[in-house]
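Fold and contact review
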Amino acid sequence: MKWTKMAITGILCFAWLLPCLNTADPAFAEPAIVDSHSVKVIASFEEGVDQTYDNGAGRWAPHFWTTAAPTYTYAHADVPSGIAWWGKINSAWDPPQTDNVNWWNTLGDKNGGNNGYSDVIYQLHIPGQTNYENWSIYEQLRIKWFAGNPDDTRVNMQVFAYTQATGRWVDLGYRTGTRDTVYTTDLSLNTMTAAEKQKVSHLLFRTFNTWIPAGNDYNHFQRTHLFSIKAVTASPPAKSATLGGYTWDSKFLGTLLHRSYGTYSATGFYDPEIGKYRLWFGSGIPEANGSDNVYYAENDTMQGDWSNPVRTTLEHFGILKPYNQAPGWGGDPSVLKIGSQYVMYFSGIKNEDPYWNRIYRAVSDDGVNWTLSPKTPVVDAATGGAAGYGSGSPSVIYKDGTYYMYYYSQFEQPDRGGTYLRTSTDGIHFSSWTALNADFGGADVKYADSLGKWILIDYRDKNQDFQGEEAGIRYAVSSDGINFTYNHDNSFKLAQDDSAVINHNPGFIGTPTGHANQELYVTYGINQLPLNAVPYEYQTRQLGYSSLRIY
């Protein structure tokens, strides 16, 4: 497993001045931070039909349909064998709505009648594992959907949630609508008790055949499309603490997207040239367990529907491990945009055994297709060190003509892991290392121009520094970028998903050159299983985020 990092965005704004502008980079403008709601993405259907899968290594999707087709309370119309998919759950990029969907047909009763229904069940945990959905802080389940019916303008849907706490199906609501109309439907979760909301294991979507003509004709149906499933609250969990002479206010904002292979270790920034947030992150690969490639997604806002993640390509001339074999060529990206060129530093895995992390550099014209440059590591590690990790998880800032690289290493001081700083004027040849004044696990660092300070975010394991320490994300600040003021007490945790087993590998969404300001977003991996729960924990990693204001 690699330590990971992510990146964050900064804006300086006042409530009475809109829109807010980010002044960390010259001519850099960013929308104001939005943190009025916390939204957890349960499903976004960006990878085809959400179904179980097994690559030969016992992997399971964390969320999936329990059957390939709807189940019925009646004998439905026959489907010709040549179009068997007509009766199953399908996926599509739906042109009128320009979004990915999972969809299914509910067919009419071939024996006559309009008083039955079909069900499809969506499982929210890996079989045999306890990564249930915990919706304690959420008030509503938000379903984006539409349905079609060639014979009637009326369509319907009913939703139930199954809770392991009491072993019952909870009716969340019945809705009707007009065909081919997109709805964003909020269903109250208050029909569940507090205990029931902590262990939600399934969702059931029911379609009544009331408006579907009876008869043995598969051309009569209601087709239901699901775009996304989200849990929502208008009261995001918030925390505040004073550190280094500054107040640190944060809110937990939920998750950014949901992937079957896990998502974490993000870096990114708001790009004013295209008016979008751009995000690069480590994610598992379909071919093997415990592996990493770098993926890319973009969006107009942080809190919205992200584009379908794209698996980036890397021309590495055979120097690194193949992209489609364990453990993948690498992850933990730190991406800068210098002029028109994208520069990525990342934890790379050399194509040899035994292997460990080294830090490589790649360049790109589009941020998706990369070329290793140079072909040798910019930070090497002759051995894996204390626990075989090597050197990786880079965090890079470009400031006043100098590249500042922070990274984690078990090689520099082989008897222990630590966080280190190196500098460079060309981004390729780096100075010897300087150790920071504390061990910051998987840290990300940015320079906050309006503060004239370096800000750092890292994570701690449970009881890592003292008995009773809670696992999760914490922050630090420094005047010189080496000696940081920090406090690992639980009261200095960022507002995050406290229902998770651990929140880890954090990072700031910064400016294109790795700067930040006093208001910014933080991303991190959220795990519902322990990090050592191999092979399942990789799939349960999802990308959470919070807002942070420093003043």
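First, a word on scope: everything that follows refers to the structure included in this document. (Residues numbered from 1 in each chain as written. Predicted model: local features only at pLDDT ≥ 70, side-chain atom pairs only at ≥ 80, totals over all residues. Heavy atoms only, no water.)

With respect to the pairing of strand β32 (residues 472-478)
- When you tally the buried positions in β32, you get seven out of seven residues, the bulk of the element.
- Of the strand pairs in this sheet, strand β31 (residues 453-460) and β32 are connected by seven bridges, and their pairing is antiparallel. In the sheet register, leucine 456 faces β32, and the bridge partner there is alanine 476.
- Pairing of β32 with strand β33 (residues 484-486), which is carried by three bridges, proceeds in the antiparallel orientation. Residue pairing for β33: alanine 476 is matched across the bridge by tyrosine 486.
- As consecutive antiparallel partners, β32 and β33 are separated by five residues, and within that stretch glycine 481 has a phi angle of approximately 80°, a positive value. (Buried < 20%, exposed > 50% of the residue type's maximum accessible area, 1.4 Å probe, protein only. Helix = DSSP H or I, 4+ residues; strand = E, 2+ residues; numbered from the N terminus. Pairing = 2+ DSSP bridges.)

Here we look at the sheet that holds strand β29 (residues 434-435)
- Across the sheet, which stays open at both edges, the four strands sit in the order β26-β27-β28-β29 with antiparallel pairing between neighbours. Of all the strands in the sheet, the pair left with one neighbour each is β26 (391-399) and β29.
- Judged from the two bridges that link them, strand β28 (residues 418-424) and β29 form a sheet pairing that is antiparallel. When the bridges of β29 are listed, leucine 421 appears paired with threonine 434.

Comments concerning the sheet that holds strand β30 (residues 444-448)
- With mixed pairing, the five strands of this open sheet are ordered in space as β33-β32-β31-β30-β35. Two strands lie at the open edges of the sheet, namely β33 and β35 (515-516), each paired on one side alone.

Comments concerning the pairing of β30
- Across the five residues that make up β30, a large majority, five, are buried.
- Judged by which residues are buried, β30 turns out to be covered on both faces: Asp444, Lys446 and Ala448 on one side and Val445 and Tyr447 on the other are all buried.
- Across five bridges, β30 lies against β31 in antiparallel orientation. Bridge pairing in β31 links alanine 448 to lysine 453.
- Counted between consecutive antiparallel strands, the loop separating β30 from β31 contains four residues, among which glycine 452 sits at a positive phi close to 65°.
- Where β30 lies against β35, two bridges are found, and the strand directions are parallel. When the bridges of β35 are listed, alanine 448 appears paired with alanine 516.

Some points on the pattern of salt bridges
- Applying the stated criterion across every chain yields a total of 26 salt bridges.
- Between glutamate 47 and arginine 259 there is a salt bridge, and its shortest N-O distance comes to 2.8 Å. One end of the pair, glutamate 47, is in the loop between β3 (38-43) and β4 (64-65); the other, arginine 259, is in the loop between β16 (246-255) and β17 (263-271), and 212 residues separate them in sequence.
- Classification of glutamate 47 by relative accessible area gives partly exposed; the value is 28%.
- Here aspartate 305 ties to lysine 230 by a salt bridge, and the two come within 2.7 Å at their closest N and O atoms. Here aspartate 305 is found in the loop between β19 (288-299) and β20 (310-311), whereas its partner lysine 230 is found in strand β14 (residues 221-233), with 75 residues between them in sequence.
- A residue is classified by how much of its surface remains accessible, and aspartate 305, at 34% relative accessible area, is partly exposed. (Salt bridge = Lys/Arg side-chain N within 4 Å of Asp/Glu carboxyl O.)

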